[in-house]
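What follows is each chain in one-letter form.
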Amino acid sequence: MDDEPTTTPTRPRNRRGEGARLREEIVTAAVELLDETGNEGAITLRSVARRVGIAAPSIYRHFPDQPAIMLAVVKQAFDQLEAQLRASVDAAGEDPRRRLVALCHAYLGFAQDHPERYRTMFGGLWMPALQGTSVTADDMETLGDACLGLISEALDDCVTAGLAVSFDVSADAVALWLGLHGLAHQRAVTVAFPWPPDIADRIITALAHLKAE
């Protein structure tokens, strides 16, 4: 039996032209539910509507179904990750090696600081069916392109500067991302393990083919 309240908090009606604000509030509510519960199943049209303070049918003006809301949540998370990666590179100065290492550590930091969002981004919590929903294969294939592009760009700068060796920067960037992702995942799911303190730098150095300093 559903023991949740049946009443919906009253939310002030948006003025004409403010529909975009309601869309943002819907996504924000979904992110909050995800962070609080760690469960994609907790994000329903009803639960999101209740948190925003609107009737559930009002969501359909902005999202045709629940997977569309989840897609917006994931896209927002990738935007946040991209911003964090860019900020780390900018703060690292002009040295290509330092910029690449800073970017990789920022990636791992995002995964550690936002575990539920990170798991949702990469299929740990959310893997939509592509039949019977509004989410398409193109939607899924392009997720994270900008972030991977930043990794590839930073690696390419290292190669150009003679700090790394690569005959296929795109493929090596994917390998580096997979190494970072693997470490991020294992840190999240391992209860106790004596991680070497320099394990991240070992992975970065090996997979980016960085030359010895």
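My aim in this report is to walk through the structure given alongside it, one point at a time. (Residues numbered from 1 in each chain as written. Predicted model: local features only at pLDDT ≥ 70, side-chain atom pairs only at ≥ 80, totals over all residues. Heavy atoms only, no water.)

## Some details on the state of the cysteines
Item 1. For the structure shown, the criterion picks out zero disulfides.
Item 2. Summary of cysteine pairing: cysteine 147 is not part of a disulfide, and the nearest cysteine sulfur, belonging to cysteine 104, is at 12 Å.
Item 3. Look at cysteine 147 and you get buried, because its relative accessible area is 6%.
Item 4. A disulfide-free cysteine, cysteine 158 has its sulfur positioned 9.0 Å from the sulfur of cysteine 104, the nearest such atom. (Disulfide = S-S within 2.5 Å. Buried < 20%, exposed > 50% of the residue type's maximum accessible area, 1.4 Å probe, protein only.)

## Describing the side chain of arginine 117
Item 1. Positionally, arginine 117 belongs in helix H5 (residues 115-121).
Item 2. With residues near it in sequence (within four places) discarded, arginine 117 still touches Val31, Leu34, Asp35, Ala77 and Gln80. (Helix = DSSP H or I, 4+ residues; strand = E, 2+ residues; numbered from the N terminus. Contact = heavy atoms within 4.5 Å.)

## As for the packing of aromatic side chains
Item 1. Enumeration according to the criterion identifies five aromatic pairs in this entry.
Item 2. Consider the rings of phenylalanine 78 and phenylalanine 122, whose centres lie 5.5 Å apart with planes at 80 degrees: the pair is edge-to-face. Within this pair, whereas phenylalanine 78 is found in helix H3 (residues 66-91), its partner phenylalanine 122 is found in the loop between H5 and helix H6 (137-141), the two being separated by 44 residues in sequence.
Item 3. Between phenylalanine 122 and tryptophan 177, the ring centres sit 5.7 Å apart and the planes meet at 40 degrees, which makes this aromatic pair tilted. (Phe/Tyr/Trp six-rings, centres within 6.5 Å; stacked < 30°, edge-to-face > 60°.)

## Observations concerning the nonpolar core
Item 1. Residues Ile26, Val48, Ile59 and Leu100 are the most contacted members of the largest nonpolar core, which totals 61 residues.
Item 2. Of all the secondary-structure elements, those providing two or more residues to this core are helix H1 (19-37), helix H2 (45-52), H3, helix H4 (96-113), H5, helix H7 (145-160), helix H8 (169-189) and helix H9 (199-207).
Item 3. Considering every element that reaches this core, the biggest residue donor is H3, with 12 residues. (Core = buried A, V, L, I, M, F, W, Y, C linked by side-chain atoms within 4.5 Å.)

## Description of the packing of H7 against H8
Item 1. Contact geometry for H7 and H8: axes closest at 9 Å, N-to-C directions at 120 degrees. With respect to H8, the axis of H7 lies oblique. For the element pair H7 and H8, the recorded crossing hand is right-handed. Residues Leu148, Ile151, Ser152, Leu155, Asp156 and Val159 of H7 pack against Val169, Ser170, Asp172, Ala173, Val174, Leu176 and Trp177 of H8.
Item 2. Counted by class, the contact of H7 with H8 contains nine nonpolar, two polar and two charged residues. (Axes fitted to C-alpha atoms, helices over the stretch in contact; angles between N-to-C directions. Parallel < 35°, antiparallel > 145°, perpendicular 65-115°, else oblique. Left-handed = near helix turned anticlockwise from the far one by under 90°. Nonpolar A, V, L, I, M, F, W, Y, C, P; charged D, E, K, R; others polar.)

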